[in-house]
Amino acid sequence: MSGSVIEKETGCGCLSDKAGGYDPCCDCKTKMVLTYEEEAILKKLRGIKTAVRPLMETLRSIELRRFDRDGSDAASVEGEWIRLSKELDELRTAWNEWEKKLEAAIEQKLILLGHREPQA
């Protein structure tokens, strides 16, 4: 019988289905929620990812022209390659910074929930 619910062997009494899904109890749901800070950081990370996709497509499309010596626009292609590469590096740096902020926000949440001890 698919979709039937069985008790998990946990202290909190959360329920699980046979397909391996997870249905947290009321107490656990509140502990699984993202903080506003985490949501804001994840929104920034999604924005960076959205900016990187077209940039990578453009870099791939000019990669072949970059090494084409017969083309008259070799200098402009190389300039565009350099500009896009710098922009990509800036986005990577921003991603790493926001990723560190997310880790700090998660750590802070775990401390507030009592799962971790604050560092001295």
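No experiment lies behind these values; they were computed from the predicted model shown. Note on numbering: residues in each chain are counted from 1, in written sequence order. Local features in this predicted model are restricted to residues of pLDDT 70 or higher, and side-chain atom pairs are both shown and tallied only at a pLDDT of 80 or more, whereas totals for entire chains, interfaces and linings draw on every residue. Working from all heavy atoms in the structure, the side-chain values ignore hydrogens and water.

Asker: Can you tell me about the overall build of the protein chain, naming the residues and giving the values?
Answerer: The helix and strand labels rest on DSSP assignments: H or I over at least four residues marks a helix, E over at least two residues marks a strand, and numbering proceeds from the N terminus. Along its length, the protein chain carries three helices and three strands. Per-residue accessibility, obtained with a 1.4 Å probe over protein chains only, is compared with the maximum for each type, and a residue is labelled buried under 20%, exposed over 50%, and partly exposed between these values. Residues classed as buried in the protein chain amount to 19% of the 120 residues present. Note on contacts: a residue pair qualifies if any of its non-hydrogen atoms lie within 4.5 Å across the two residues. Sequence separation of at least 24 residues holds for 45% of the intrachain contacts in the protein chain that already meet a minimum separation of 6.

Asker: So, helix H3 (residues 74-113): which residues are in play, and what are the values?
Answerer: Under the 1.5 Å per step criterion, the end-to-end length of H3 is 58 Å for 40 residues, consistent within 8% with the ideal 58 Å. Inspection of H3 places Val 77, Trp 81, Leu 84, Leu 88, Leu 91, Leu 102, Ala 105, Lys 109 and Leu 110 among the buried residues, and these make up the whole buried set. Where H3 is buried, its residues touch helix H2 (36-66). Trailing H3 by a residue or two, Gly 114 shows a phi angle of about 90°, which is positive. In this scheme, a helix's expected span is set at 1.5 Å multiplied by one less than its residue total.

Asker: Pulling in residues and values, what's your account of the pattern of salt bridges?
Answerer: By convention in these notes, a salt bridge is any Lys or Arg side-chain nitrogen within 4 Å of a carboxyl oxygen on Asp or Glu. Scanning the model with the defined rule gives five salt bridges in all. The closest approach of N and O atoms between Lys 109 and Glu 38, which form a salt bridge, is 3.3 Å. Placement of the pair is Lys 109 in helix H3 and Glu 38 in helix H2, with a sequence separation of 71 residues. Owing to a relative accessible area of 1%, Glu 38 belongs among the buried residues under this scheme. Residue Glu 87 is joined to Arg 83 by a salt bridge in which the shortest nitrogen-to-oxygen separation is 3.3 Å. Pair noted here: Glu 87 and Arg 83 are both in helix H3, with a separation of four residues, about one helical turn. By relative accessible area, Glu 87 is classed as partly exposed at 33%.

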